[in-house]
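# Tertiary structure, described
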Amino acid sequence: MTEGETAGIHAVAMPDYLIAWLHLTAAATLVGGLIFSRCVLTQAFRRARLDPNVQHVRRLSGRRFRTIVWISLVTLTLTGASQLLDESGSARIETAWGAVLMLKLFLFGIAFALLLVHDFILDPHGPASETPPSFPSRADRLETVILLITLATLLVAAYLGTV
Ligand code: HEM
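Summarised in this report is the structure supplied together with it.

So, on to the overall build of the protein chain. Along its length, the protein chain carries 5 helices and 0 strands. Order of helices (α) and strands (β) in the protein chain, N terminus to C terminus: α-α-α-α-α. Counting only carbon and sulfur atoms, one obtains 71% of the accessible surface of the protein chain, whose full area is about 10,000 Å².

The following block contains the structure:
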């Protein structure tokens with residue numbers, strides 16, 4: 001590749017700080033959104049569970065948040081992979097840093113799979129969820145597990161920055 005072509009690629013590639021910013025914003029949106037959903041929205045909806053208007057708002061907000069969750073997951077995967085590519089070939093992968101990153105990706109993989117089940121198999125906010133939900137539903141319990149796993153992923157990510 002000529003010097004000019006390499007310079008061309010660097011000119012269009014997103015600066016590292018922007019990729020890190022997108023990664024952190026997606027992480028904050030996912031974890032913060034799950035905390036708000038579990039600790040605020042669900043508790044409020046539980047108190048008014050027999051009010052059909054409230055259940056309608058619950059379905060609308062649930063579907064909207066599902067979109068935000070998947071945008072965050074795709075952004076985390078793409079920006080994470082980009083940061084990982086920056087490290088490819090570096091000795092760092094073979095060190096404790098690499099092992100901690102593998103743990104982080106393992107936890108992320110579990111959260112990703114559970115969100116697939118929650119959003120597209122249980123689908124608590126889909127058209128089928130007309131009847132007032134029983135609390136806690138299977139989806140509720142799964143949301144709590146997903147929240148705990150993403151919090152664990154964030155903890156490992158914070159530790160990763162110190163390794
Ligand atoms: C719930 C999912 C995720 C969360 C909460 C998360 C969170 C974070 C945080 C907070 C940092 C900054 C750490 C620091 O510099 O102190 C970070 C860095 C990083 N993340 Fe993620 N991340 C997630 C998913 C991913 C995924 C899926 C990948 C790979 C495909 C990834 C790869 C990376 C890499 C390579 C870094 C840079 C680490 C370094 O330079 O030391 N992350 N992540």
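Here we come to the nonpolar core. One finds Leu30, Val69, Leu73, Leu76 and Leu115 to be the most contacted residues of the largest nonpolar core, which totals 13 residues. Residue assignment for this core shows that the elements contributing at least two residues are helix H2 (16–47), helix H3 (52–87), helix H4 (96–122) and helix H5 (138–160). Not counting chain neighbours up to four residues away, the residues in contact with Leu73 comprise Leu30, Phe108, Phe112 and Leu115. By size, the runner-up hydrophobic cluster in this structure holds 8 residues, among which are Leu107, Ala111, Ile149 and Val156.

Next up on the list: the site of the ligand. Near the ligand, the surroundings consist of 20 residues, among which His23, Arg92, Trp97, Lys104 and Phe108 are the closest. Between the ligand and His23, the relevant distance is 2.8 Å, taken from a nitrogen atom to a side-chain nitrogen or oxygen of the residue. Within the side chain of Trp97, an N or O atom sits 3.1 Å from an oxygen atom of the ligand. Of all the elements in the fold, those that place two or more residues in the shell around the ligand are H2, H3, H4 and H5. Take the shell around the ligand: its biggest share by element is 6 residues, from H3.

All right, on to unusual backbone geometry then. Trans is the prevailing form of peptide bonds, just as negative phi is the prevailing case for residues other than glycine. Unusually for a residue other than glycine, Asp123 sits at a positive phi of about 45 degrees. Tracing the chain through its elements places Asp123 in the loop between H4 and H5. Using a relative accessible area of 25% as the deciding quantity, one classes Asp123 as partly exposed.

In this section: the coordination of the iron atom of the ligand. At the metal site, the iron atom of the ligand is ligated by His23 (NE2) and Lys104 (NZ), and these contacts range over 1.8 to 2.0 Å. Viewed at the metal, the 6 donor atoms of the iron atom of the ligand are separated by angles of 83 to 179 degrees, and the geometry they form is octahedral. Of this pair, His23 sits in helix H2 while Lys104 sits in helix H4; the two residues are 81 residues apart in sequence, bridging distant segments of the chain. Take His23 and Lys104: they sit in the same class, and that class is buried.

Scanning the entire structure with this criterion turns up 4 salt bridges. A salt bridge links Asp140 to Arg58; the nearest nitrogen and oxygen atoms lie 3.7 Å apart. Taken together, the positions of Asp140 in helix H5 and Arg58 in helix H3 put the pair 82 residues apart, joining distant regions of the chain. Here Asp140 and Arg58 have matching classes, each one buried. With a closest N to O distance of 3.2 Å, Asp123 and Arg66 form a salt bridge. Of this pair, Asp123 sits in the loop between H4 and H5 while Arg66 sits in helix H3; the two residues are 57 residues apart in sequence, bridging distant segments of the chain. What emerges from the salt-bridge pattern is a single network uniting Arg38, Arg58, Asp140 and Glu143.

The rules we used
- Residues numbered from 1 in each chain as written.
- Predicted model: local features only at pLDDT ≥ 70, side-chain atom pairs only at ≥ 80, totals over all residues.
- Heavy atoms only, no water.
- Helix = DSSP H or I, 4+ residues; strand = E, 2+ residues; numbered from the N terminus.
- Areas by Shrake-Rupley, 256 points an atom, 1.4 Å probe, with all protein chains shown as cover.
- Core = buried A, V, L, I, M, F, W, Y, C linked by side-chain atoms within 4.5 Å.
- Buried < 20%, exposed > 50% of the residue type's maximum accessible area, 1.4 Å probe, protein only.
- Contact = heavy atoms within 4.5 Å.
- Near = heavy atom within 4 Å.
- Polar contact = N/O pair within 3.5 Å; in protein donor to acceptor, adjacent residues only side chain to side chain.
- Donors = N, O, S within 2.8 Å, 3.2 Å for Na, K, Ca; no water.
- Tetrahedral: all angles 85-135°; square planar, octahedral: opposite > 155°, others 65-115°.
- Salt bridge = Lys/Arg side-chain N within 4 Å of Asp/Glu carboxyl O.

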